[in-house]
Amino acid sequence: MPTIEKKCGRCEETKPVSEFRPDVRCSGGYRGTCKSCTKASRDPDKEREYQRRYRERNPEQAAASQARYRERNQEKVRSAALERYREKTSTEEGRAELARQKRAYREKNLDKVNELKRAWYADNKGKHRAATLLKMYGITLAQYNMILEAQGGVCAICKETCHTGRNLAVDHCHATDRVRGLLCGHCNQGIGKFRDDPSRLMAAIKYLTKHDEENDECPTP
């Protein structure tokens, strides 16, 4: 079956009628200007406003249309989104605007965001742990496991596993950020309460030793 063609009144190119929008008010049932020329002649601001009003009036149809487009043009959509992100983050104003948009979205969709976070964490516990170790302490998961193995799988101080059943905490020097070892929750909190100060810990040892000796000297009633 031969393809029906029509000549555009603007670019004067002969194209298939599929390149023209149907319009019963026009001769032949199609508009006289092709889709490309019609799009090029539109005012961008008016076009955006028209699309905004359409989405407000027809939210379900607009969402379905956008979903179909994204499905058909996944690579194009990703490339365009990445380009917009790079352009926006190239300036201080753009980064501030992007941060504001993210905050507004999280506030508006808090339950959805939290649900997505929980689902991602459940499926990516190892990845999340590795990222946390690298970000907070500058070590990889493999390095953590090497330290754990060197300590025999137990706390470097009390030689026991963590009473909570959780992974041993990474102990580090707060002045230099150097990792010192892995500690259980009690030991990690204990040296933190003593402000990582050996002199305070020694004073506590002397204090406890003194009172233990005094208790030993006291007669049993």
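Residues numbered from 1 in each chain as written. Predicted model: local features only at pLDDT ≥ 70, side-chain atom pairs only at ≥ 80, totals over all residues. Heavy atoms only, no water.

Enquirer: What am I meant to see in the overall build of the chain here?
Expert: Assigned secondary structure in the chain consists of ten helices and six strands. Computed over its C-alpha atoms, the radius of gyration of the chain comes to 34 Å, more than 25% above the 17 Å expected for a compact globule of 221 residues. Once the C-alpha set of the chain is aligned to its principal axes, its extents read approximately 115 × 35 × 35 Å. Taking contacts inside the chain between residues at least 6 apart in sequence as the whole, the part at least 24 apart equals 26%. A distance of 8 Å separates the average location of the 46 positive side-chain charges in the chain from that of its 33 negative side-chain charges. (Helix = DSSP H or I, 4+ residues; strand = E, 2+ residues; numbered from the N terminus. Rg over C-alpha atoms; globule rule 2.2 N^0.38 Å. Contact = heavy atoms within 4.5 Å. Lys, Arg positive; Asp, Glu negative; His and termini not counted. Charge placed at Lys NZ, Arg CZ, Asp CG, Glu CD.)

Enquirer: Hey, could you run me through the environment of Glu160 in this one?
Expert: Summarising the element assignment, Glu160 is placed in the loop between α8 (141-150) and β5 (169-172). Separated by 23 residues in the primary sequence, Glu160 and Leu183 have C-alpha atoms spaced 9.0 Å apart. Excluding residues that lie within four positions of it along the chain, Glu160 makes contacts with Val154, Cys155 and Leu168.

Enquirer: Hey, could you run me through the packing of helix α2 (residues 44-57) against helix α3 (residues 59-72) in this one?
Expert: How two helices sit against one another is set out by the angle between their axes and by the gap between those axes. α3 packs onto α2 with a crossing angle of 115 degrees between their chain directions and a minimal axis gap of 5 Å. Between α2 and α3, the crossing angle belongs to the class labelled roughly perpendicular. Residues Tyr54, Arg55, Glu56 and Arg57 of α2 touch α3, and the partners they reach there are Pro59, Gln61, Ala62 and Gln66. Looking at side-chain class alone, the contact of α2 with α3 contains three nonpolar, two polar and three charged residues. (Axes fitted to C-alpha atoms, helices over the stretch in contact; angles between N-to-C directions. Parallel < 35°, antiparallel > 145°, perpendicular 65-115°, else oblique. Nonpolar A, V, L, I, M, F, W, Y, C, P; charged D, E, K, R; others polar.)

Enquirer: Before we go on, may I ask you to explain the pattern of salt bridges in this structure?
Expert: For side chains of opposite charge, pairing can occur when their charged atoms come near one another. Applying the stated criterion across every chain, the model contains eleven salt bridges. Arg25 is paired through a salt bridge with Asp23; the nearest N and O atoms lie 3.0 Å apart. The class for Arg25 is exposed, based on a relative accessible area of 71%. Under the relative-accessibility criterion, Asp23 is labelled buried at 9%. Note that Arg52 and Glu56 form a salt bridge whose closest N and O atoms lie 2.4 Å from each other. Note that Arg52 and Glu56 are positioned in helix α2 at a spacing of four residues, about one turn of the helix. Assessed through its relative accessible area of 32%, Arg52 is described here as partly exposed. Each of Glu49, Arg52, Arg53 and Glu56 takes part in one network of salt bridges that share partners. (Salt bridge = Lys/Arg side-chain N within 4 Å of Asp/Glu carboxyl O. Buried < 20%, exposed > 50% of the residue type's maximum accessible area, 1.4 Å probe, protein only.)

Enquirer: How should I be thinking about the packing of aromatic side chains in this particular structure?
Expert: To describe a pair of aromatic rings, you give the distance between the ring centres and the angle between the ring planes. All chains considered together, the criterion is met by zero aromatic pairs. Lying across the ring of Phe20, Lys6 places its NZ or CZ 6.0 Å from the centre. The ring of Tyr144 has Arg129 sitting right over it, with the charged end atom 4.5 Å from the ring centre. (Phe/Tyr/Trp six-rings, centres within 6.5 Å; stacked < 30°, edge-to-face > 60°. Lys NZ or Arg CZ within 6 Å of the ring centre and 35° of its normal.)

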